[in-house]
Amino acid sequence: QVQLVESGGGLVQPGGSLRLSCAASGFTFSSFAMSWYRQAPGKERELVATITSTGGSKHFSDSVKGRFAIGRDNAKNKVYLQMSSLKPEDTAVYYCNAFSVTGGREYNYWGRGTQVTVSS
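Described below are features of the structure shown in this document. (Residues numbered from 1 in each chain as written. Predicted model: local features only at pLDDT ≥ 70, side-chain atom pairs only at ≥ 80, totals over all residues. Heavy atoms only, no water.)

**Remarks on the nonpolar core**
Rule in force here: Only buried residues count toward a nonpolar core, which is a set of Ala, Val, Leu, Ile, Met, Phe, Trp, Tyr and Cys residues joined through side-chain atoms within 4.5 Å. The rule is simple: take the accessible area with a 1.4 Å probe, protein chains only, and divide by the maximum for that residue type; under 20% is buried, over 50% is exposed, in between is partly exposed. Helix and strand assignments come from DSSP, with helices taken as H or I runs of at least 4 residues and strands as E runs of at least 2, each series counted from the N terminus.
Judged by nonpolar contacts, the single largest core of 28 residues is most densely connected at M34, W36, V79, L81, M83 and Y94. Breaking this core down by element, the ones donating at least two residues are β3 (18-25), β4 (33-39), β5 (46-51), β7 (68-73), β8 (78-83), β9 (92-102) and β11 (114-118).

The structure is reproduced here in C-alpha cells:
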C-alpha cells in the first residue's frame with residue numbers, strides 16, 4: 001500500500017522557519033522524483049520544489065527560490081522541505097508528491113498534506 005505522510009507543518013511568524021518531512025512507503029522510493037506542492041485557499045495547487053531520484057538535481061518555483069531547500073534520504077525513504085524567511089503568502093497546505101515513468105507507465109502518488117500558516 002502506497003503511503004506518503006507529511007509532517008512538520010504549523011503556525012510560524014513571518015521571517016521564521018519550518019522543516020517539513022514526508023515519509024514514504026509501499027513503493028521503490030529511490031526510483032521516484034519527489035516534489036512538494038502547495039495549495040492556498042481559493043488558489044490552484046502549485047509546484048514548490050522538485051528533487052530527482054538520486055538527489056542530483058533540484059528545482060524551485062520562483063516564489064521560493066533562495067528561501068526553501070529540498071533534500072531526500074533514500075535510505076530512510078524520506079524527503080524534506082526546509083523553509084526559511086517565511087512570508088504570509090507561503091500560507092497553504094503543503095503536499096508531498098512522488099512521480100515516476102517506468103515501462104511507459106506513469107506513477108503519481110500524493111500525500112494528504114500538512115498545513116503551514118505564516119502569521120503574526
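Right, picking up where we left off after that structure.
**Things to note about the sheet that holds β3**
Here is the rule: Each pair of strands is called paired provided DSSP finds at least two bridges between the two strands. Lines are fitted to the C-alpha atoms to define the axes, a helix being fitted only along its stretch in contact, and any angle between axes, read from their N-to-C directions, falls within 0 to 180 degrees.
Pairing in this open sheet of 4 strands is antiparallel, and the strands run β1-β3-β8-β7 from one edge to the other. Edge positions in the sheet fall to β1 (3-7) and β7, since each has one partner strand and no second. For this sheet the average axis-to-axis angle between neighbouring strands, irrespective of direction, equals 15°. Judged from the 6 bridges that link them, β7 and β8 form a sheet pairing that is antiparallel. Counted as the bridge partner of D73 is K78 from β8.

**Notes on unusual backbone geometry**
With a phi close to 55°, N77 is a non-glycine residue in the positive phi region. Looking at the secondary structure, you find N77 in the loop between β7 and β8. Given the relative accessible area of 24%, N77 is considered partly exposed. The backbone of S85 shows a phi angle near 50°, a positive value even though the residue is not glycine. Within the secondary structure, S85 is located in the loop between β8 and β9.

**A word on the environment of G56**
Among the secondary structure elements, G56 is positioned in the loop between β5 and β6 (58-60). On the basis of relative accessibility, which here comes to 67%, the residue G56 falls in the exposed class. With 10 residues separating them in the primary sequence, G56 and G66 have C-alpha atoms 18 Å apart.

**Remarks on the state of the cysteines**
Put simply, the rule is: The disulfide definition used here is simple: a pair of cysteine sulfur atoms within 2.5 Å.
Under the defined criterion, the tally for this structure stands at 1 disulfide. The side chain of C22 participates in a disulfide bridge whose partner is C96; the two sulfur atoms lie 2.1 Å from each other. Judged by the sign of its S-S torsion, about -85°, the bond between C22 and C96 is left-handed. Here the residue C22 occupies a position in strand β3, and C96 occupies one in strand β9, the gap between them amounting to 74 residues. Judged by its relative accessible area of 0%, C96 falls in the buried class.

**A short note on the pattern of salt bridges**
As a reminder, the rule being used: Salt bridges, as used here, are contacts in which a Lys or Arg side-chain nitrogen is within 4 Å of a carboxyl oxygen on Asp or Glu.
Applying the stated criterion across every chain yields a total of 4 salt bridges. Residues R67 and D90 are paired through a salt bridge, measuring 2.8 Å at the closest nitrogen-oxygen approach. With R67 in the loop between β6 and β7 and D90 in the loop between β8 and β9, this residue pair connects regions lying 23 residues apart in the sequence. D90 shares its class with R67; the two are buried. One network of salt bridges, in which partners are shared, links R38, E46, R67 and D90.

Worth remembering: the numbers are spatial, not functional.
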